[in-house]
Amino acid sequence: MNIVTLLPFIVLIGAMFLMTRSAKKKQQAAAQMRNEMQPGTGIRTIGGMYATVKEVHDDAVLLEVAPGVHAFYAKNAVGAVLEDDEYNRIVHGTSAVKSDDPVVPDDASSLTGTDEPAAGASDDSPIDLGKKDADSAPEADDAEPKKTDGESDTK
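Figured I'd write up the structure that's included with this text.

About the cut-offs
Residues numbered from 1 in each chain as written. Predicted model: local features only at pLDDT ≥ 70, side-chain atom pairs only at ≥ 80, totals over all residues. Heavy atoms only, no water. Helix = DSSP H or I, 4+ residues; strand = E, 2+ residues; numbered from the N terminus. Contact = heavy atoms within 4.5 Å. Areas by Shrake-Rupley, 256 points an atom, 1.4 Å probe, with all protein chains shown as cover. Patch = residues over 30% accessible without salt bridge, like charges linked within 9 Å, V, L, I, M, F, W, Y side chains within 5 Å. Salt bridge = Lys/Arg side-chain N within 4 Å of Asp/Glu carboxyl O. Lys, Arg positive; Asp, Glu negative; His and termini not counted. Charge placed at Lys NZ, Arg CZ, Asp CG, Glu CD. Buried < 20%, exposed > 50% of the residue type's maximum accessible area, 1.4 Å probe, protein only. Polar contact = N/O pair within 3.5 Å; in protein donor to acceptor, adjacent residues only side chain to side chain. Pairing = 2+ DSSP bridges. Axes fitted to C-alpha atoms, helices over the stretch in contact; angles between N-to-C directions.

1. Focus: the overall build of the chain
When you go through the chain residue by residue, the secondary structure sums to three helices and five strands. Counting helices and strands in the order they occur from the N terminus, the chain gives α-β-β-β-β-β-α-α. For the chain, the share of sequence-separated contacts (at least 6 apart) that also reach a separation of at least 24 residues comes to 39%. Working note: accessible area of the chain is about 13400 Å², and carbon and sulfur atoms make up 55% of it.

2. What about a negative patch on the surface?
A cluster of acidic residues, E83, D84, D85 and E86, forms a negative patch on the protein surface. Mapped onto the fold, E86 is located in helix 2 (residues 84–91). Its relative accessible area of 31% is what places E86 among the partly exposed residues.

3. Focus on the side chain of E64
For E64, the location among the structural elements is in strand 3 (residues 60–66). Looking at E64, its side chain comes within polar contact range of the main-chain nitrogen of G68, at 3.1 Å. E64 has contacts with A51, T52, K54, V69 and H70, leaving out every residue within four places of it along the chain.

4. As for the pairing of strand 2 (residues 50–56)
Two faces, one strand: in a regular strand the side chains alternate between the faces of the sheet. In this sheet, strand 2 lies alongside strand 1 (residues 42–45) in antiparallel orientation, the contact comprising three bridges. Bridged to R44 within strand 2 is Y50. Once strand 1 ends, the chain turns through four residues before running back antiparallel as strand 2, passing G48 with a positive phi of about 95 degrees. In this structure, strand 2 lies alongside strand 3, joined through four bridges in antiparallel fashion. Its bridge partner lying in strand 3, V53 is registered against L63.

5. Notes on the sheet that holds strand 2
The five strands lie next to each other as 4-3-2-1-5, forming an open sheet whose pairing is antiparallel. At either margin of the open sheet sits one strand with a lone partner, and together these are strand 4 (69–74) and strand 5 (78–82). The average angle at which neighbouring strand axes cross in this sheet is 45 degrees, direction not considered. Here helix 2 sits on the sheet and contacts strand 1, strand 2 and strand 5; the angle it forms with strand 2, its principal contact strand, is near 130 degrees.

Just distances and angles here, no functional claims.
This is the structure:
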């Protein structure tokens with residue numbers, strides 16, 4: 001056999017080895033994270049629900065999903081164990097605001113120096129998203145009649 005014919009197979013086997021190796025490392029890191037959970041820790045499930053760990057069992061955890069509401073979840077359903085600061089910021093809306101951090105405005109009106117909205121812009125008026133009537137659209141005399149949704153141009 002020629003080495004050139006075996007080279008694609010060797011590269012394929014090497015790529016498969018590297019992919020399975022990285023996947024095993026990710027699985028081991030996730031299992032270690034789940035085993036380090038303790039009661040009182042804030043977590044996010046794989047479904048995106050935030051909860052507090054109340055009890056840790058072998059294959060399951062008891063989570064407090066709301067004050068006084070408890071639910072059992074499999075440990076595999078825990079997507080991330082969160083730091084206390086991050087959990088409180090997300091769930092309770094509390095954050096430590098540093099005085100040296102720049103303040104980002106919510107809208108562009110604070111950047112212009114005036115508190116008045118731009119000319120022609122009104123926050124209270126609704127925007128008309130409806131279709132225009134056929135009467136208001138100018139049509140040429142020699143234009144073909146408009147087609148409805150079911151009609152086509154083919155003859």
